[in-house]
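Read off the chains here:
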Amino acid sequence: MTVHTKATTTDLINEQQKANAQALMEKALKSDLAYEIVESLTTEIGPRLAGSEAEKRARDWGVKLGKELGFDRVSVEEFTMPYWVRGELKVALSAPYAQELYATALGGSGASTNNIDAPIVYFRNLDEIAYVKSGDLAGKVAFIDGDLMVPSQTGAGYGPSNQKRRVGWQHAERGGALALMIRSVGSNSQRFPHTGMMSALEDKWASIPVVALSNPDADQLRRLYKLGEPLKVSIASTAQWKGDVSSGNVILDLIGSERPEEIVLIAGHLDSWDEATGALDDGAGIGITVAAAKLIAELPTRPKRTIRVVMFGAEEVGLLGAFAYAKKHADNLHNHVLATESDFGARTIWRLVSNVNPDANATIDAIGKILEPLGIVRGGSDVPGGGPDIIPMARAGVPTIRLEQNGMDYFDYHHTPDDTLDKIIPEELKQNVAAYAVTAYLAADATADFRPEAKTRSEED
């Protein structure tokens, strides 16, 4: 249950702040900057697989952009990461007849030591394969089916559907399978398979090929299985790990006018999967947060706190940039007074949720009131999260908010070759920028302290 505290005079947003927020909102709704940023990133850099040369070019692009837009401080914080590449993949049904199947390797997949041509063992869902014993799948290829993910505004179906992608390989390898195929995790019925990272098991990754079949191809296998036909599949994969490489987080700061040591952090992630240009995941998040901060920089005076935009690296392969940031700034996370990330596409924001010091809920409520003309409602005040890259900071106690976007069609495109610039609706992107600009500005200029157990500034004084 959501319980909001009664507002006090120290929680209120003053008239000048309201005027600035209104000006930011109006300017954002007319600005094309966010779209221009996403267009530049996806066109000039293209796909940006974590650890790749393209991701390095994206960092250079981010630094150049930050300097061109006049941020007070622009830096890159590098970290080391293991580098996985997809290689080449060919998957085809070989019995009861020949048919090419549309598939993609999952992140962390192994290669086929020889071209595989083996019988398929069908599992209706992840629960069924969990019961296999050692050797049960020797000489065979496992296929975990499942159901087409049900679309929803919140994307609630993704987590449950995603479990077969994350841990299915562990059951298949235990059974001695030559390879694993899964139904693509996604809500689209096109022949665009959905990639994504698997979960490691005690720092061990799959030694066998693990691939996702497009939903129509998974449907075909299910129908053939129901007919009682013996099924065989051929798989050839060259996916592999390439050793340790460098990645990094790009940091753009607008330094606060009165309490510069205190940070309001807004973020997106710079990397993408390699099969598309990552316009929705997460070029949009980069465009939204950078454009929002740029609008704030154009106000007559800086807000009291520092606003930090982080372009996280290597999000797709395990939040590696996020964990690197939390580790590097561990001694200063107490000065991160609020954090959020845009990483759910580019459709309109419809709800504001938060997880802050209860004494500061009234301020979040007040921000929510100002956002109402954008079609945004105030949601729960006890909702953890803030976005994927915010998780390591949130675990360390950093307060969070989230501006939740409409994800009804997000998983039609997410992690597929169809995640391209044409899916972004410019007017909806502008609404996102308006919401982020208003929220970040008001949070950075607020009297209230959002941190756990914190007192308001006036109480300390």
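Structural data are supplied above this passage.
Figured I'd write up the structure that's included with this text. In this text, all values refer to a predicted model and were calculated from it rather than measured experimentally.

1. What to know about the overall build of the protein
When helices and strands are counted, the protein shows 13 helices and 16 strands. For 461 residues, the compact-globule estimate of 2.2 N^0.38 gives 23 Å, and the protein sits close to it at 23 Å. Along the first, second and third principal axes, the C-alpha set of the protein runs to 75 × 45 × 40 Å. Relative to its full complement of 461 residues, the protein shows a buried share of 59%. In the protein, the proportion of contacts linking residues at least 24 apart, taken out of those at least 6 apart, comes to 84%.

2. With respect to the packing of helix H1 (residues 15-28) against helix H12 (residues 426-445)
Running from N to C, H1 and H12 cross one another at 160°; their axes reach a closest spacing of 8 Å. It follows from the interaxial angle that H1 and H12 lie roughly antiparallel. By crossing handedness, the relation of H1 to H12 is classed as right-handed. Contact residues: H1 offers Gln16, Gln17, Asn20, Ala21, Leu24, Met25 and Ala28, while H12 offers Lys430, Val433, Ala434, Ala437, Val438, Tyr441, Leu442 and Asp445. Of the residues in the contact of H1 with H12, the class split is ten nonpolar, three polar and two charged.

3. With respect to unusual backbone geometry
For the bond from Ala95 to Pro96, the omega torsion is 15°, close enough to zero to count as cis. Following the sequence through the fold, Pro96 ends up in the loop between strand E2 (89-95) and strand E3 (99-101). Phi angles above zero are rare outside glycine, and Glu202 is one such case at about 50°. Exposure remark for Glu202: the relative accessible area of 77% places this residue in the exposed category. The phi angle at Leu319 is positive, at roughly 55°, despite the residue not being glycine. Tracing the backbone through its elements, the reader meets Leu319 in the loop between strand E12 (305-312) and helix H8 (320-328).

4. Topic: the sheet that holds strand E6 (residues 141-144)
The pairing of strands in a sheet happens through backbone hydrogen bonds and is either parallel or antiparallel. Across the sheet, eight strands lie side by side as E3-E2-E9-E5-E6-E7-E8-E4; this open sheet has mixed pairing. The sheet terminates laterally at E3 and strand E4 (103-105), the two strands that pair on one side only. Going across the sheet, the axis of each strand differs from the next one's by a mean of 30°, ignoring polarity. Relative to strand E9 (residues 232-237), E2 is paired through six bridges, and the arrangement is antiparallel. When the sheet's bridge partners are listed, Lys90 is paired in E9 with Ala236. This element, helix H5 (residues 158-174), spans E6, strand E7 (179-183) and strand E8 (210-213) of the sheet and lies at about 150° to E7. Where helix H6 (residues 215-226) meets the sheet, its contacts fall on E2, E3, strand E5 (116-123), E6, E7 and E8, and the angle it forms with E7 comes to roughly 105°.

Definitions and limits used
- Residues numbered from 1 in each chain as written.
- Predicted model: local features only at pLDDT ≥ 70, side-chain atom pairs only at ≥ 80, totals over all residues.
- Heavy atoms only, no water.
- Helix = DSSP H or I, 4+ residues; strand = E, 2+ residues; numbered from the N terminus.
- Rg over C-alpha atoms; globule rule 2.2 N^0.38 Å.
- Buried < 20%, exposed > 50% of the residue type's maximum accessible area, 1.4 Å probe, protein only.
- Contact = heavy atoms within 4.5 Å.
- Axes fitted to C-alpha atoms, helices over the stretch in contact; angles between N-to-C directions.
- Parallel < 35°, antiparallel > 145°, perpendicular 65-115°, else oblique.
- Left-handed = near helix turned anticlockwise from the far one by under 90°.
- Nonpolar A, V, L, I, M, F, W, Y, C, P; charged D, E, K, R; others polar.
- Pairing = 2+ DSSP bridges.

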